[in-house]
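Coordinates in review
So you can see what is in the structure, the chains are spelled out below.
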Amino acid sequence: MALGHRPLLWALIRLRRPHVVVETGLWYGLGAMVMLRALERNVEDGGHAGRLISFDPDPTAGWMVPQRHADRWTWARATTQDALAANLAGIRVDLFVHDTPSEPDLERYEFTTAADAAAPGAVLCSGNGQNTPALRELCDQRGFPFMHHDYAAAGHFYRGNGISFATATRMTKTL
Ligand SMILES: C[S@@+](CC[C@H](N)C(=O)[O-])C[C@H]1O[C@@H](n2cnc3c(N)ncnc32)[C@H](O)[C@@H]1O
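Here's what I pulled together on the structure shown here. (Residues numbered from 1 in each chain as written. Predicted model: local features only at pLDDT ≥ 70, side-chain atom pairs only at ≥ 80, totals over all residues. Heavy atoms only, no water.)

Quick look at the site of the ligand now. Residues in close proximity to the ligand total 17 residues, the closest being Arg6, Gly25, Asp56, Gln81 and Asp99. The separation between an oxygen atom of the ligand and a polar side-chain atom of Arg6 is 2.9 Å. Asp56 places a polar side-chain atom, nitrogen or oxygen, 2.7 Å from an oxygen atom of the ligand. Relative to its unbound accessible area of 610 Å², the ligand is 81% covered by the protein chains. Most atoms of the ligand, that is more than half of them, are within 2 Å of grid points of the largest pocket. (Near = heavy atom within 4 Å. Polar contact = N/O pair within 3.5 Å; in protein donor to acceptor, adjacent residues only side chain to side chain. Areas by Shrake-Rupley, 256 points an atom, 1.4 Å probe, with all protein chains shown as cover. 1 Å grid on protein atoms, 1.4 Å probe; cavity = no way out; pocket = protein on both sides within 12 Å on 5 of 7 lines; lining within 4 Å. Sits in = over half its atoms within 2 Å of the grid points.)

On to the packing of aromatic side chains. Counting across every chain of the model gives 4 aromatic pairs. Where Trp73 meets Trp75, the ring centres are 6.2 Å apart and the plane angle is 20°; that geometry is what we call stacked. Look at Trp73 and you get buried, because its relative accessible area is 17%. Overall, Trp75 belongs to the buried group, its relative accessible area being 13%. An aromatic cluster is built from Trp27, Tyr28 and Trp63, whose rings are joined through pairwise contacts. (Phe/Tyr/Trp six-rings, centres within 6.5 Å; stacked < 30°, edge-to-face > 60°. Buried < 20%, exposed > 50% of the residue type's maximum accessible area, 1.4 Å probe, protein only.)

Okay, the sheet that holds strand E6 (residues 146-149) next. In space, the 7 strands of this open sheet follow the order E3-E2-E1-E4-E5-E7-E6, with mixed pairing throughout. Pairing within the sheet leaves two strands with one partner each, and these edge strands are strand E3 (73-76) and E6. Averaged over all neighbouring strand pairs, the angle between strand axes comes to 15°, with direction disregarded. Pairing of strand E4 (residues 93-98) with strand E5 (residues 118-126), which is carried by 5 bridges, proceeds in the parallel orientation. Bridged to His98 within E5 is Ser126. Along the sheet, helix H1 (residues 6-16) makes contact with strand E1 (20-24), E4, E5, E6 and strand E7 (163-167), crossing E5 at roughly 165°. Sheet contacts for helix H2 (residues 30-44): E1, strand E2 (51-55), E3 and E4; angle to E2, the most-contacted strand, approximately 170°. (Pairing = 2+ DSSP bridges. Helix = DSSP H or I, 4+ residues; strand = E, 2+ residues; numbered from the N terminus. Axes fitted to C-alpha atoms, helices over the stretch in contact; angles between N-to-C directions. Contact = heavy atoms within 4.5 Å.)

Moving on, we come to the layout of surface pockets. For the largest pocket, the calculated volume is near 1100 Å³. Lining the largest pocket are 42 residues, with His5, Arg6, Trp27, Asp99 and Gly127 positioned closest to its centre. Of all the secondary structure elements, the ones that give two or more residues to the lining of the largest pocket are H1, H2 and helix H3 (80-88). With 3 residues, H2 is the largest single contributor of residues to the lining of the largest pocket. Looking at side-chain class alone, the lining of the largest pocket contains 20 nonpolar, 17 polar and 5 charged residues. (Points joined across faces, edges and corners; volume = space filled by probe spheres on them. Nonpolar A, V, L, I, M, F, W, Y, C, P; charged D, E, K, R; others polar.)

Put into structure tokens, the structure is as follows:
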């Protein structure tokens, strides 16, 4: 199975060593498996034990995630509309990965909720790229830097729409 944008998530976790990673949309668990292995590698390198919280109401989701990651992984078996805000209450999120369907209102809700729970300098990522303007709008509202990487899937019927990132750091203008 092609890894697509998931190596970027691997690199983010290996470089930034997040304590808390949140993923919306789990599906088979390919992204979760990659991110959990990156968190495991951080521990093997002597770093702290980060954890991943995934959201997906589909009871058949997540079958790819190896059992050995159970102590660093929480699967909230609910929609983000029902469970994201409650699960992030009191938590500081270091990396947020949006990967539920590209619906503008859903994306706005997820990114706003994630930004309210974001640790300083946290990275917010849209696996749907710029299918909706939700992440860019949030950056405009909060003064966060925004970056879009417009890679295209090779040899696939759907080229994808790239991947977008924001950093939860308010930009200040310098003269
Ligand atoms: C693109 S797949 C996720 C892919 C996964 N992140 C990966 O890296 O392989 C989208 C998933 O979002 C789930 N989903 C759809 N609406 C949702 C919602 N409102 N809240 C949480 N999950 C949702 C679907 O059940 C589906 O499994």
